[in-house]
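# Coordinate analysis (summary)
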Amino acid sequence: MSDLKVSRLISLVMTGSLVMGALALGLLLGGTTPGLMPQTTAVTLTTSPSASPTPVPTMGPSHTPSVTATATRTLLPPPTFEPPTQTVAPSNTPTTTPSPTLIYSVSIPGLHGAESPTPSTTPGCEPRDDWELTYRVQAGDALARIAQQYNTTYFDLAGGNCLSDANVISIGQVLRVPGEAHPVQPAVECVPWEVYTPFDGSEAIGTDGQITFNWRGPRAFRNLIRVHRPDGTIFERVVELRQNETVNLLENFNIGGTYTWYVYPLDENYVQIDCLEGGPWTFRKPDSPTLTPTPTVTPEGYTGPTVPAGP
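A short tour of the structure in this document, coming up. Throughout this document, residue positions are counted from 1 along each chain, in the order its sequence is written. Local features are withheld for residues below a pLDDT of 70 in this predicted model, meaning they are given only at 70 or higher, and side-chain atom pairs are given and counted only at 80 or more; totals for whole chains, interfaces and linings count all residues. Remark: hydrogens and water are excluded; side-chain values derive from all non-hydrogen atoms of the structure.

Our focus in this paragraph is the overall build of the chain. Per the convention used, a helix needs a DSSP run of H or I reaching at least four residues, while a strand needs a run of E reaching at least two, with both numbered from the N terminus. Secondary structure assignment for the chain yields four helices and eleven strands. Each residue is assigned to one of three classes by its accessible area relative to the maximum for its type, calculated with a 1.4 Å probe on protein chains only: buried under 20%, partly exposed between the two thresholds, exposed over 50%. With 311 residues in all, the chain has 22% of them scored as buried. Only heavy atoms enter the contact rule, under which two residues are in contact if any of them lie within 4.5 Å. Within the chain, residue pairs in contact and separated by at least 24 positions form 67% of the contacts whose partners lie at least 6 positions apart. Total accessible area computed for the chain in this model is approximately 23000 Å², and 57% of it derives from carbon and sulfur atoms. The method behind every accessible area is Shrake-Rupley, applied with a 1.4 Å probe, and residues are considered shielded solely by the protein chains displayed.

Shown next as structure tokens:
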């Protein structure tokens, strides 16, 4: 075998030995990771060029190439992320919120409160024996009104009948009342008169349109409205079961000046009852415009409806 062939064989054997050594070194340094592929450390082999073969007479050791190992970054396994376990918040325990207590107990003198079939009386109290008259409670009655009819107070009337609550009486209840005879009640109560429109002394009356007479007084079956005009003439109108009336100004009160009016309460027979009339009340207004009749033109021989004259 020639020297050249021997030299190449030696170089190949040494190169293989170096590769095997590098693989073993990589296994020792890298190791294995559970669940991951083993990482291999890359080793770069640098071989110096060998000298040109020169025939030598004797076999001697050839030049040994130097090997330089360069380590690369070892890949670490990725971190493991586990989703956090959700914790259910504790539920609120429902609690009962106390509602405020409202007090509806109000005592108003003369107010007719809720009716009770059996009104309570003061324990141990005895009704007055010296009150020989009795009164049966009617619908709409109040203890204060009954006391006024019998010329006493509702405190004395409640005490004389042993009522624990002067505001509570019931329809049909029998009460003892003072006096020697029952008072005579008129068919219509003569209450004071009140005027609303036109108010007494008003000067805010127009020249046309309407005027409303509105008042409060005895609740008579009929009411007579009597108005004295500035020229001495009188306007009259009767209304039934009401205390107001609307009148046309231009037709009835077209004269300027001061008007004086009254209201007379009447019964079903147009006779004034035992109550006084309301008034006198006054109002003032200016002259109303005069209505001029429109002339008509009737053509000769025309027999149809009349035609108003043009401008």
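All right, on to the packing of aromatic side chains then. Pairing of aromatic rings covers Phe, Tyr and Trp, the last counted by its six-membered ring, and requires centre-to-centre distances within 6.5 Å; plane angles under 30 degrees mean stacked, over 60 mean edge-to-face, and any other angle means tilted. Taken as a whole and assessed by the stated rule, the structure comprises twelve aromatic pairs. A centroid spacing of 6.2 Å and a plane angle of 35° characterise the contact between Tyr262 and Tyr264, whose relative ring orientation is tilted. Taken as a pair, Tyr262 and Tyr264 share a single burial class, namely buried. The rings of Trp193, Phe213, Phe235, Phe253, Tyr259, Trp261, Trp281 and Phe283 are connected pair by pair, giving a single aromatic cluster. Both a distance and an angle decide whether a charge sits over a ring: NZ of Lys or CZ of Arg must be within 6 Å of the ring centre and within 35 degrees of the ring normal. Seen from the ring of Tyr270, Arg222 lies directly overhead, with NZ or CZ sitting 4.1 Å from the centre.

Between Lys or Arg on one side and Asp or Glu on the other, a salt bridge is scored when a side-chain nitrogen of the former is within 4 Å of a carboxyl oxygen of the latter. Applying the stated criterion to the full structure yields five salt bridges. One salt bridge in this structure joins Arg237 and Glu245, with 2.9 Å as the shortest N-O distance. Relative accessible area serves as the criterion here: at 29%, Arg237 is assigned to the partly exposed category. Connected via shared salt-bridge partners are Arg237, Arg242 and Glu245.

Limitation: the analysis is restricted to geometry and does not speak to function.
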